[in-house]
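Fold and contact review
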2 protein chains.
Amino acid sequence: MKPMGPIPPWFTSEESMLLIGGCGAASLVDEAGDTPLFVYDMGVIQTQVDALRDAMPAELAIHYAIKANPFGPLLERMVGLVDGFDIASGGELEMALEAGQSPDHISFAGPGKRDDEITSAIRAGVTLNLESEGEAARALAIATRLGRTPKLAVRVNPDFDLRGSGMRMGGGAKPFGVDAERAPALARLMIDAGAEWRGWHIFAGSQALDAQALIETQAATVALAARLSEEVGVSPPLVNLGGGLGIPYFPGDTRLDVQPIGAALAEALGKRSPILRETHFALELGRWLVGEAGVYLTRVIDVKESQGERFVITDGGMHHQLAASGNFGTVVRRNYPVAVANRFGSPNTDEPVSVVGCLCTPLDRLGDKILLPEIHVGDLVAVFVAGAYGATASPTAFLGHPAPKEILVE
Amino acid sequence: MKPMGPIPPWFTSEESMLLIGGCGAASLVDEAGDTPLFVYDMGVIQTQVDALRDAMPAELAIHYAIKANPFGPLLERMVGLVDGFDIASGGELEMALEAGQSPDHISFAGPGKRDDEITSAIRAGVTLNLESEGEAARALAIATRLGRTPKLAVRVNPDFDLRGSGMRMGGGAKPFGVDAERAPALARLMIDAGAEWRGWHIFAGSQALDAQALIETQAATVALAARLSEEVGVSPPLVNLGGGLGIPYFPGDTRLDVQPIGAALAEALGKRSPILRETHFALELGRWLVGEAGVYLTRVIDVKESQGERFVITDGGMHHQLAASGNFGTVVRRNYPVAVANRFGSPNTDEPVSVVGCLCTPLDRLGDKILLPEIHVGDLVAVFVAGAYGATASPTAFLGHPAPKEILVE
């Protein structure tokens, strides 16, 4: 038997049926028409946003990194919930505008922006987070050609990382942003060239569950922004402090308490350098806002034995939930939280089962030797923490299966 | 500096431009309209098929597992080149029929076939490789409802694996097929129920570069097919011996010589049990037929320094070539073969570079600290061995970038 990650604590059931946003899982499948299905619960997202606003200093803006989940109806709802969108491609620019976000509240980061993407962004009037001197030169040239004043920020590769983060985005040689020591010169160049100076984007890491590490990183980020601004001699309108707040996926992971993080950030901002006095600050979060709001539902097609082990075969799999299969940035495969949606809360049997997908590859495993209640063909398996980096971060065309369905519940 | 895998030996250049199927890489990009671009060279595939037919016993059929690369124009050409298609979903069934393959030469394996997929398959008249007793019962019930005689084979989970294979598909508890000791009873049941008995599908592993391991596995597979058939007392029309032939991706990998494998298989077939005398045999290959025929071309958007390291940023990445980024079934990331397509054969500089994609994640790396010729914005990077499990086995929607283009050259 292998352990699995914790099921988010708010999930309940009615007559053993898992409720998502107050609706039974089976009814949601009926409504969507079929499995496999991603269900996103806006109530959970609202709760996350509320908790964050409650914990963080009032002046702090909350940005949504739409790469985490760009499902159209969800994006539309996020417009009213957060203060801005962060995008990573020309395609995401279209999605953000389509969802109704104002270009004034969109910023575009990404180490490999093509000329056509920079052109669309400047034309739309969104902020470009410049990732290199070369990109800066291209942006200026394109803006001149368009006869527009570009809104430019500089993405900084900080000289520190976020301890314990799932993905380090700073503290060493990185393809992202401009090394901190070169950032002031680039900012000066943009200001002198007549660009609208937007400030700094400093992203040190993501998916950290260590509050103390986040606190130290945010303080270091505020200090770095001050140091860079002082070198430039210009107060930045905005400092994007990055994200980094993690969510529990695996055995032993615990939920972050954002209260002490907010208190520490308030303290760091309270004593900030005078050059940042008028500066706005933002946190950029993707996974933390939406990850726990998603449940991936897939139906059991077969239950079989092989060499004394028990396999539950579902109609979903790694083509929809690559991360849950352990094939997305993880070295050692660990189990996401999984349940039998229509026997939610029923006692587990003592015989471990492996829940696999329908693909013809041993990589396609959603739960490895886990304990579940008794399970039969036709049952619904729920894979939790499926709200971020699910459908769009998976190889949906693999083996020619249909794309997963997605619905939003309130 | 880190090494990279071997560039397939037949690639040449003209005026330093990489030729693929006799065409310059830059012209192919012009023809396709843009990068990123997958180019598949039918000439290479033809050479692979010829080499295999030359090495293998004349009676051996060659099947193509279309999951490796289901690009429409390629599938159409494969119909005339191989003796059958192996499919893994209802979607692949449509692709195979669309490409012009006859249902008589299509077989369908996959541990999680949905009822609608089984229905389409029986209606179309393709062979189902049954993966469990439960699936067998569903197939019989659906055939009865349709008033059709189903063509059924049994996929066997062999009691041995393919030593040194990249993916083990046998030799232990597996979600694929029916354990060897239960297979004869299931076959008997299908025959007694009036199904058209098609024989055995035995797949022990894939991506092996050890000829001796392949030889032993094929001999064991023939022997297992005989033992199972003797238990049933019926000669199987077809035994699908699986695949397993690997191709070189990584440093130290060497190309398989198929001649000794073919000679050994001829010997194994020559002394086969009388019950297999009239049986046809097939090899099912995907990657081996098409993998080396593909080149992924992506354009350099930026070249930058960070903390003394050099990064080449391209407009492609892991959203198109997940496996090359090291995030598809590999534990330790190793470098695929990579070249600068428009400086092919030029001497390398002695300064390592990391070739990364355009995504905002440190996972998006196509070449880690490799040696390349001098490289500039606008250059074309070629990632080799991109013909199998590329475009369809990657999260193409990730971060909202456009799908890659694909072309076939003769």
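Values in this document were obtained by computation on a predicted structure and should not be read as measured data.

Considerations on the side chain of B:Ser325
- Position of B:Ser325 among the secondary structure elements: in the loop between strand 17 (309-314) and strand 18 (338-340).
- Excluding residues that lie within four positions of it along the chain, B:Ser325 makes contacts with B:Met318, B:Arg333, B:Leu363 and B:Arg365.

Some remarks on the relation of the copies chain A and chain B
- Taken as rigid bodies, chain A and chain B are interconverted by a rotation of 180° and an axial shift of 0.0 Å, the fit giving an RMSD of 0.0 Å. Expressed as a symmetry operation, the mapping of one chain copy onto the other fits a two-fold axis. Residues of chain A ranked by C-alpha distance from the rotation axis are headed by A:Pro395, positioned 2.0 Å from it.
- Same-surface contact between copies: 100% of interface residues of chain A are shared with the interface of chain B.

Regarding the interface of chain A and chain B
- Of the residues lining the interface, 68 residues belong to chain A; the matching set on chain B comes to 68 residues.
- For the chain A and chain B pair, buried surface summed over both sides reaches about 5,200 Å², with 61% attributable to carbon and sulfur atoms.
- The largest contributions to the chain A side of the interface with chain B come from A:Arg114, A:Gln307 and A:Cys360, which together make up 12% of the buried area.
- Applying the counting rule to chain A against chain B returns 0 salt bridges.
- Between chain A and chain B we count 24 residue pairs in polar contact (both at pLDDT 80 or more) in total.
- Mapped onto the side of chain A that touches chain B, the elements with two or more residues apiece are helix 4 (90-98), helix 6 (133-146), strand 9 (151-157), strand 10 (167-168), strand 16 (294-306) and strand 17 (309-314) of chain A.
- By residue number, the principal contributor to the side of chain A that touches chain B is strand 16 of chain A, which donates 5 residues.
- Residues that form the side of chain A that touches chain B fall into these classes: 29 nonpolar, 19 polar and 20 charged.

So, the domain arrangement of chain A
Residues and elements named next belong to chain A.
- Domain parsing of chain A yields domain 1 (12-40 + 292-409) and domain 2 (70-285).
- If you average the C-alpha positions of domain 1 and of domain 2, the two centres end up 34 Å apart.
- The interface of domain 1 with domain 2 comprises 12 residues on the first partner and 11 residues on the second.
- Summed over both sides, the interface between domain 1 and domain 2 buries roughly 1,200 Å², with carbon and sulfur atoms accounting for 70% of that surface.
- At the junction of domain 1 and domain 2, the tally comes to 1 salt bridge.
- Scanning the region where domain 1 abuts domain 2 turns up 1 residue pair in polar contact (both at pLDDT 80 or more).
- Among the elements that make up the side of domain 1 that touches domain 2, the one with the highest residue count is strand 22 (residues 405-409) (3 residues).
- The class makeup of the residues in the side of domain 1 that touches domain 2 is 6 nonpolar, 3 polar and 3 charged.

Side note on the packing of aromatic side chains
- Summed over all chains, the structure comprises 26 aromatic pairs over all chains.
- Ring centres 5.8 Å apart and planes at 35° place the aromatic pair A:Tyr249 and A:Phe250 in the tilted group.
- Aromatic pair A:Tyr389 and B:Phe398: ring centres 5.9 Å apart, planes at 80°, arrangement edge-to-face. One end of the pair, A:Tyr389, is in the loop between strand 21 (380-384) and strand 22; the other, B:Phe398, is in the loop between strand 21 (380-384) and strand 22 (405-409), on a second chain. Note on accessibility: A:Tyr389 and B:Phe398 belong to one class, buried.

Notes on the packing of helix 5 (residues 115-124) of chain B against helix 6 (residues 133-146) of chain B
Residue and element names in this part refer to chain B.
- Look at helix 5 against helix 6: their axes get within 10 Å of each other, and the N-to-C directions meet at 55°. Between helix 5 and helix 6, the crossing angle belongs to the class labelled oblique. Of the two elements, helix 5 crosses helix 6, and the hand of that crossing is right-handed. Judged by residue contacts, Asp 115, Ile 118, Thr 119, Ile 122 and Arg 123 of helix 5 engage Glu 135, Arg 138, Ala 139, Ile 142, Ala 143 and Leu 146 from helix 6.
- Of the residues that constitute the contact of helix 5 with helix 6, the class distribution is 6 nonpolar, 1 polar and 4 charged.

Remarks on the pattern of salt bridges
- Taken as a whole, this structure holds 46 salt bridges over all chains when the rule is applied.
- Measuring nitrogen to oxygen at the nearest pair gives 2.9 Å for the salt bridge that ties A:Asp104 to A:Lys151. Note that A:Asp104 is positioned in the loop between helix 4 and strand 7 (106-108) and A:Lys151 in strand 9, a separation of 47 residues in sequence.
- Measuring nitrogen to oxygen at the nearest pair gives 3.9 Å for the salt bridge that ties B:Lys369 to B:Glu309. Here the residue B:Lys369 occupies a position in strand 20 (residues 365-370), and B:Glu309 occupies one in strand 17, the gap between them amounting to 60 residues.
- Overlapping salt bridges, with partners in common, bring together A:Lys2, A:Glu309, A:Arg365, A:Asp368 and A:Lys369 in one network.

Quick notes on the pairing of strand 9 (residues 151-157) of chain B
Residues and elements named next belong to chain B.
- Of all 7 residues in strand 9, 7 are buried; the element is thus mostly enclosed.
- Side chains of strand 9 alternate between two faces, with Lys 151, Ala 153, Arg 155 and Asn 157 and Leu 152, Val 154 and Val 156 buried alike.
- Sheet topology note: the strand 8 (residues 127-130)/strand 9 ladder contains 4 bridges and is parallel. Within the sheet, the bridge partner assigned to Leu 128 lies in strand 9 and is Leu 152.
- Each parallel crossover has a hand, and for strand 8 linked through helix 6 to strand 9 it is right-handed.
- Sheet topology note: the strand 9/strand 12 (residues 196-202) ladder contains 6 bridges and is parallel. Its bridge partner lying in strand 12, Ala 153 is registered against Gly 199.

Section: helix 9 (residues 258-270) of chain B
Residue and element names in this part refer to chain B.
- Taking 1.5 Å per residue, 13 residues should reach 18 Å; helix 9 reaches 18 Å between its end C-alpha atoms and fits that length.
- Among the residues of helix 9, Val 258, Ile 261, Gly 262, Leu 265, Ala 268 and Leu 269 are the ones counted as buried. Looking down the long axis of helix 9, one finds its buried residues gathered within 125° of arc, a one-sided arrangement. Opposite the buried face of helix 9, by more than 90 degrees, sit the exposed residues Glu 267 and Gly 270.
- The inward-facing, buried residues of helix 9 abut helix 2 (42-55), strand 5 (60-65), helix 8 (211-232), strand 15 (280-285) and helix 10 (287-290).
- Where helix 9 starts, the residue carrying a side-chain oxygen 3.0 Å from the main-chain nitrogen of Gln 259 turns out to be Asp 257.

Describing the packing of helix 4 (residues 90-98) of chain B against helix 5 of chain B
Residue and element names in this part refer to chain B.
- Contact geometry for helix 4 and helix 5: axes closest at 9 Å, N-to-C directions at 30°. The angle between the axes of helix 4 and helix 5 places the two elements in the roughly parallel class. On helix 5, the residues that touch Gly 90, Leu 93 and Leu 97 of helix 4 are Glu 117, Ser 120, Ala 121 and Ala 124.
- Each residue belonging to the contact of helix 4 with helix 5 can be placed in one class, and the counts come to 4 nonpolar, 2 polar and 1 charged.

Notes on the side chain of A:Lys151
- Of the residues examined, A:Lys151 reaches a relative accessible area of 17% and is grouped as buried.
- Side chain to side chain, A:Lys151 and A:Asp104 meet in a polar contact 2.9 Å long.

So, how was this worked out
Residues numbered from 1 in each chain as written. Chains lettered and ligands numbered in written order. Predicted model: local features only at pLDDT ≥ 70, side-chain atom pairs only at ≥ 80, totals over all residues. Heavy atoms only, no water. Helix = DSSP H or I, 4+ residues; strand = E, 2+ residues; numbered from the N terminus. Contact = heavy atoms within 4.5 Å. Least-squares fit on C-alpha atoms with pLDDT ≥ 70 in both. Buried area = accessible area lost by both parts, 1.4 Å probe. Salt bridge = Lys/Arg side-chain N within 4 Å of Asp/Glu carboxyl O. Polar contact = N/O pair within 3.5 Å; in protein donor to acceptor, adjacent residues only side chain to side chain. Nonpolar A, V, L, I, M, F, W, Y, C, P; charged D, E, K, R; others polar. Domains from an automatic or database assignment. Phe/Tyr/Trp six-rings, centres within 6.5 Å; stacked < 30°, edge-to-face > 60°. Buried < 20%, exposed > 50% of the residue type's maximum accessible area, 1.4 Å probe, protein only. Axes fitted to C-alpha atoms, helices over the stretch in contact; angles between N-to-C directions. Parallel < 35°, antiparallel > 145°, perpendicular 65-115°, else oblique. Left-handed = near helix turned anticlockwise from the far one by under 90°. Pairing = 2+ DSSP bridges. Right-handed = clockwise from strand over helix to strand, strands pointing away. Expected span 1.5 Å × (residues − 1). Arc of directions from axis to C-beta.

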